[in-house]
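Next come the chains, spelled out residue by residue.
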Amino acid sequence: MKKFFIFISGMFVLLVGIALVLTNVDFNRLAKDNAYVQITKPTSVEEMKLDSGEIMTTYWYTLPAYHEDGRMIEVEFSAIKELREEAYLMLYLTNDNNVSSYDEVSFEEYQRAVGEG
């Protein structure tokens, strides 16, 4: 009986741990390369009408991005809202230039990362 309670307790701790990891870890950002961009106007805007009648808008951006070592790459990514012009973003990349996520950063962080100024 004691072994049964130890087993149940261990399973409970394991399940709580798994639940915490799944709710707190963003797998789109985990172990990804970073590059930095300055936002300009969207390259294109797509509107799609859903079955409910609601219109879904996607903003596409094609921009030069810079790795911390100074390499420049061109990236294309989308957003569900128009991003603020002149904003600086840190991109999370897979396969060198596929954007999986992004965060806005300060101008100072952008400068530090790409070595400008």
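Above this text sits the structure in question.
Within each chain, residue numbers correspond to sequence positions counted from 1 in written order. Only residues with pLDDT of at least 70 are given local features in this predicted model, and only at 80 or more are side-chain atom pairs given and counted; all residues enter the totals for whole chains, interfaces and linings. Side-chain calculation: all heavy atoms of the structure are included, whereas hydrogens and water are not.

Concerning the nonpolar core
Piece 1. By size, the foremost hydrophobic cluster in this structure holds 16 residues, and its most contacted members are Val 37, Ile 39, Tyr 61, Val 75, Phe 77 and Leu 91.
Piece 2. Here a residue-residue contact requires only that any non-hydrogen atoms of the pair lie within 4.5 Å. Residues contacting Phe 77, with those up to four places away along its chain left out, are Ile 39, Tyr 59, Trp 60, Tyr 61, Leu 63, Leu 83, Leu 89, Leu 91, Val 99 and Tyr 102.
Piece 3. Nonpolar cores are built from buried Ala, Val, Leu, Ile, Met, Phe, Trp, Tyr and Cys residues. Side-chain atoms within 4.5 Å join them into one set. The rule is simple: take the accessible area with a 1.4 Å probe, protein chains only, and divide by the maximum for that residue type; under 20% is buried, over 50% is exposed, in between is partly exposed. Tyr 36, Met 90, Tyr 92 and Val 114 belong to the second largest nonpolar core, which has eight residues in total.

What about the side chain of Thr 58?
Piece 1. Following the sequence through the fold, Thr 58 ends up in strand β3 (residues 55-66).
Piece 2. Setting aside its immediate chain neighbours within four residues, Thr 58 contacts Ser 44, Val 45, Glu 46, Ser 78 and Ala 79. Going along the chain from the N terminus, every DSSP run of H or I of four or more residues is numbered as a helix, and every run of E of two or more is numbered as a strand.

Some details on the packing of aromatic side chains
Piece 1. Aromatic rings from Phe, Tyr and Trp, with only the six-membered ring used for Trp, were paired whenever their centres fell within 6.5 Å, and each pair was classed as stacked if the ring planes differed by under 30 degrees, edge-to-face if by over 60, and tilted otherwise. Following the criterion strictly, the structure yields five aromatic pairs and no others.
Piece 2. The interplanar angle of 20° and the centroid separation of 5.6 Å between the aromatic rings of Tyr 61 and Phe 77 together place this pair among those described as stacked. Residue Tyr 61 is found in strand β3, and its partner Phe 77 is found in strand β4 (residues 72-79); the two are separated by 16 residues along the sequence. Both residues of the pair, Tyr 61 and Phe 77, belong to the buried class.
Piece 3. Residues Tyr 88 and Tyr 110 carry aromatic rings whose centres are separated by 4.5 Å and whose planes lie at 40° to one another, so their mutual orientation is tilted. Taken together, the residues Tyr 88 in strand β5 (residues 88-94) and Tyr 110 in helix α2 (residues 107-114) connect sequence positions 22 residues apart.
Piece 4. With relative accessibility at 13%, the residue Tyr 88 sits in the buried group.
Piece 5. Following the ring pairs from residue to residue traces out a cluster consisting of Tyr 61, Phe 77 and Tyr 102.

Focus on α2
Piece 1. Listed in full, the buried residues belonging to α2 are Tyr 110, Ala 113 and Val 114. Viewed end-on, α2 has its buried residues packed into an arc of 80°, placing them on one side of the element.
Piece 2. Looking at the buried residues of α2, the elements they touch are β1 (33-38), β3, β5 and β6 (98-105).
Piece 3. With its phi angle positive at about 75°, Gly 115 sits one or two positions after the end of α2. Comment: arc refers to directions from the helix axis out to C-beta atoms.

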